[in-house]
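Secondary and tertiary structure notes
As a plain string of letters, each chain reads:
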Amino acid sequence: MRNHQSIHRLILDNGITLICTENPAADLVAGRIFLKQAGACWDSPQKVGLSHLMATVITKGTKRRSALAIAEFVECLGAHLGADAASDYWALSLKTVTADFPVILDLAAEILRYPTFDVGEIELEKRLIVQAIQSQREQPFNVAFHQLRQSMYPNHPYGYSILGSEEVVPHFTAQDLWEYHQAYFRPDNLVISLAGRLTQAQARDWVETSFGDWAIPEQSIFCPILTPLNVSPQEHLTPQATQQSVVLLGYLGVGVKHEDYAPLKLLSTYLGNGLSSRLFVELREKRGLAYDVSAFYPTRLGSSQFVTYMGTAPENTAIAIAGLRAETERLCAQALEEEEITAAKNKLLGQYALGKQTNGEIAHLFGWYETLGLGLGFDSEFQEQVKAVTATDAQRVAQTYLAEPYLSVVGPEEGLARYFGWTSETESQNSAALV
């Protein structure tokens, strides 16, 4: 665990937030450059997937270099450079040996400030994205998760695939990307988080050299107004000729800034994290119901989803649904034993510590916290919040959020019929409803 004496935060004259973590263990530096206000939540409903397309094409050419020239330059340095989009942020990542880092940072600045959005590269990436969307439709878990997400987040960015859709992505143009770039790529929207063998003075000098002359535009940054979310549990199913049924139960939770975030994270760990988790032991080991079983609760700025999941034999679909429901209902009805909550805390905090071993992980974590508006102190605050969770807290949170689930099932029709009482007429109605 690194202490906060080695982590520095400062705001540069043009509004860039710089996070520097000194970690001299290896002669490497990793960086994450976040856009605080960008990502899928900033895509308009008519342009869902534009943030992701931006991440795929922005490294494919600048005013000075072609896509090939950029790739060759990065490869010759033995460096890493890539971009990705998420719901709550957009980021560029980079890593190289310390001596070469100023050079790769210069390239990152060139990419962020002077992209060309070559039409040929855009068309290629759009085709690849559409292929990825089509591929996901053939994967039962992705189908089930997509319909769960849509039912939990109607008309909300969290309900859309980060990739976009087959109907929308092919129509994106270079002009769309230019407008996105003009709106969000600006110095006062940047968090640059660096970690490795460097000092605060070096970090500031490198960033000011590469980004210091980037002026803040006069126009303000657009902030989306998101649809309010209401809990309205539904059941959705999709018949598919698969070898197993995929069952997902979803519960609408809270965002990372809410006081109930840490207890929900702890309950997710207890239920479905690892071979010793409650779901694995009870539903797979003891009852043999599950090929795969888990729970997850992603960290989100807005209301996140608490999901339990199982892959099971089609004839066990109804039993699997009942088993998953019973385990969350147990959390509502019965407080955890002291040894159960202690074990879950140790697992969660141990895995959290293991997630901060590399420079890339450190740069991402602290840059991400800054981007979400949590601040550097959240690293220790979160751990203290987890330690403070009591069995009473856990039960209260379970009763508040885990009482009634959304349900999404994908599997062979015979397995669905046992639970839903299906007929061929029902099938056509449900299929139409999912289009």
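No experiment lies behind these values; they were computed from the predicted model shown. (Residues numbered from 1 in each chain as written. Predicted model: local features only at pLDDT ≥ 70, side-chain atom pairs only at ≥ 80, totals over all residues. Heavy atoms only, no water.)

With that settled, consider the overall build of the protein. Helix and strand counts for the protein come out as 16 helices and eleven strands. The principal-axis extents of the C-alpha atoms in the protein amount to approximately 65 × 50 × 40 Å. When contacts within the protein are restricted to residue pairs at least 6 apart in sequence, those whose partners lie at least 24 apart make up 81%. A total accessible area of about 18,800 Å² is found for the protein, and carbon and sulfur atoms account for 51% of it. Each charge class in the protein was averaged separately, 33 positive and 49 negative side chains, and the resulting centres sit 3 Å apart. (Helix = DSSP H or I, 4+ residues; strand = E, 2+ residues; numbered from the N terminus. Contact = heavy atoms within 4.5 Å. Areas by Shrake-Rupley, 256 points an atom, 1.4 Å probe, with all protein chains shown as cover. Lys, Arg positive; Asp, Glu negative; His and termini not counted. Charge placed at Lys NZ, Arg CZ, Asp CG, Glu CD.)

With that settled, the discussion passes to the packing of aromatic side chains. Scanning the entire structure with this criterion turns up 20 aromatic pairs. The interplanar angle of 20° and the centroid separation of 6.3 Å between the aromatic rings of Phe-211 and Trp-214 together place this pair among those described as stacked. Take Phe-211 and Trp-214: they sit in the same class, and that class is buried. Aromatic ring contacts, followed pair by pair, group Tyr-251, Tyr-261, Tyr-297, Phe-306, Tyr-352, Phe-366, Trp-368, Tyr-369, Phe-378 and Phe-382 into a single cluster. Sitting over the face of the ring of Phe-73, Arg-65 holds its NZ or CZ atom 4.8 Å from the ring centroid. (Phe/Tyr/Trp six-rings, centres within 6.5 Å; stacked < 30°, edge-to-face > 60°. Buried < 20%, exposed > 50% of the residue type's maximum accessible area, 1.4 Å probe, protein only. Lys NZ or Arg CZ within 6 Å of the ring centre and 35° of its normal.)

Attention now goes to the sheet that holds strand S7 (residues 235-239). If you walk across this open sheet you meet the five strands as S7-S11-S8-S10-S9, and the pairing is mixed. Strand pairing shows two members of the sheet lacking a second neighbour, S7 and strand S9 (290-296), which therefore form its edges. On average, each strand axis in the sheet is inclined to that of its neighbour by 10°, with strand direction left out of account. In this structure, strand S8 (residues 245-252) lies alongside strand S11 (residues 406-411), joined through five bridges in antiparallel fashion. Paired with Leu-249 across the two strands is Leu-407, which belongs to S11. (Pairing = 2+ DSSP bridges. Axes fitted to C-alpha atoms, helices over the stretch in contact; angles between N-to-C directions.)

Following the sequence through the fold, Gln-147 ends up in helix H5 (residues 140-152). From its side chain, Gln-147 meets the backbone oxygen of Val-409 in a polar contact 3.3 Å long. (Polar contact = N/O pair within 3.5 Å; in protein donor to acceptor, adjacent residues only side chain to side chain.)

Think of a sheet as strands paired side by side through backbone hydrogen bonds, with each pair either parallel or antiparallel. Read across the sheet, six strands follow the order S1-S2-S6-S3-S5-S4 without closing on themselves; strand pairing throughout is mixed. The two strands at the open ends of the sheet, each matched to only one other strand, are strand S1 (7-11) and strand S4 (80-85). Each strand axis lies, on average, 15° off the axis of its neighbour in the sheet, ignoring direction. As paired strands, S1 and strand S2 (residues 17-22) are joined by five bridges and run antiparallel to one another.

Let us look at unusual backbone geometry. Phi at Phe-117 is positive, roughly 50°, even though this residue is not glycine. Secondary-structure assignment places Phe-117 in the loop between helix H3 (101-113) and helix H4 (119-136). If you check the backbone angles, Asn-155 has positive phi at about 55° while not being a glycine. Judged by relative accessible area, which is 60%, Asn-155 ranks as exposed.

Here we take up the packing of H3 against helix H7 (residues 200-211). Packing of H3 against H7 leaves a shortest axis separation of 9 Å and a crossing angle of 35°. Crossing of H3 against H7: the hand is right-handed. Judged by residue contacts, Phe-101, Pro-102, Leu-105, Asp-106, Ala-108, Ala-109, Leu-112 and Arg-113 of H3 engage Trp-206, Val-207, Ser-210 and Phe-211 from H7. (Left-handed = near helix turned anticlockwise from the far one by under 90°.)

Looking at the protein, pLDDT values average 92 and 95% of them are 70 or higher. This model gives residues 1-5 a pLDDT under 50, and the stretch forms eleven contacts once residues within four places in sequence are excluded. Contacts from residues 423-435, a stretch scored under 50 in pLDDT, to residues over four places away or in other chains number nine contacts. (pLDDT = per-residue confidence, 0-100.)

Our next topic: the nonpolar core. Core analysis: the largest hydrophobic core is formed by 70 residues, its most contacted members being Ile-33, Trp-90, Leu-112, Phe-185, Ile-192, Val-207 and Phe-211. Ranked by the residues each element gives to this core, the list is headed by H3, at eight residues. Setting aside residues up to four positions removed in sequence, Leu-112 forms contacts with Ile-33, Ile-58, Trp-90, Leu-92, His-181, Phe-185, Phe-211 and Trp-214. (Core = buried A, V, L, I, M, F, W, Y, C linked by side-chain atoms within 4.5 Å.)

An ideal rise of 1.5 Å per residue puts 26 Å on 18 residues; H4 measures up with 26 Å between its terminal C-alpha atoms. Along H4, the positions that sit buried rather than exposed are Ile-122, Glu-125, Lys-126, Ile-129, Val-130 and Ile-133. Relative to the axis of H4, the buried residues are bounded by an arc of 140° and lie together on one face. Residues of H4 that are buried in the fold lie against helix H1 (50-57) and helix H6 (174-184). The backbone nitrogen of Gly-120 lies 3.0 Å from a side-chain oxygen of the residue at the head of H4, namely Asp-118. (Expected span 1.5 Å × (residues − 1). Arc of directions from axis to C-beta.)

This structure, assessed with the given rule, holds zero disulfides. Take Cys-223: it sits in no disulfide, and the sulfur closest to it among the cysteines is that of Cys-41, at 12 Å. (Disulfide = S-S within 2.5 Å.)

A separate point is the pattern of salt bridges. Within the structure shown, the criterion is met by 21 salt bridges. Close ionic contact of Glu-123 with Lys-126 constitutes a salt bridge, the shortest N to O distance being 3.0 Å. Taken together, the residues span about one helical turn, with Glu-123 and Lys-126 both in helix H4 at a distance of three residues. Note that Glu-327 is salt-bridged to Arg-278, the shortest N-O span being 2.7 Å. Placement of the pair is Glu-327 in helix H10 (residues 317-333) and Arg-278 in helix H9 (residues 278-286), with a sequence separation of 49 residues. Overall, Glu-327 belongs to the buried group, its relative accessible area being 8%. (Salt bridge = Lys/Arg side-chain N within 4 Å of Asp/Glu carboxyl O.)

A separate point is the packing of H9 against H10. A packed helix pair is summarised by two numbers, namely the angle formed by the two axes and the spacing between the axes. Interhelical geometry of H9 versus H10 gives an angle of 140° and a closest axis separation of 11 Å. Every pair of crossing elements has a handedness; the one defined by H9 and H10 is right-handed. Taking contact as the criterion, the partners of Arg-278, Leu-279, Glu-282 and Leu-283 in H9 are, on H10, Gly-323, Leu-324, Glu-327 and Arg-330. Residue classes in the contact of H9 with H10 are distributed as three nonpolar, one polar and four charged. (Nonpolar A, V, L, I, M, F, W, Y, C, P; charged D, E, K, R; others polar.)

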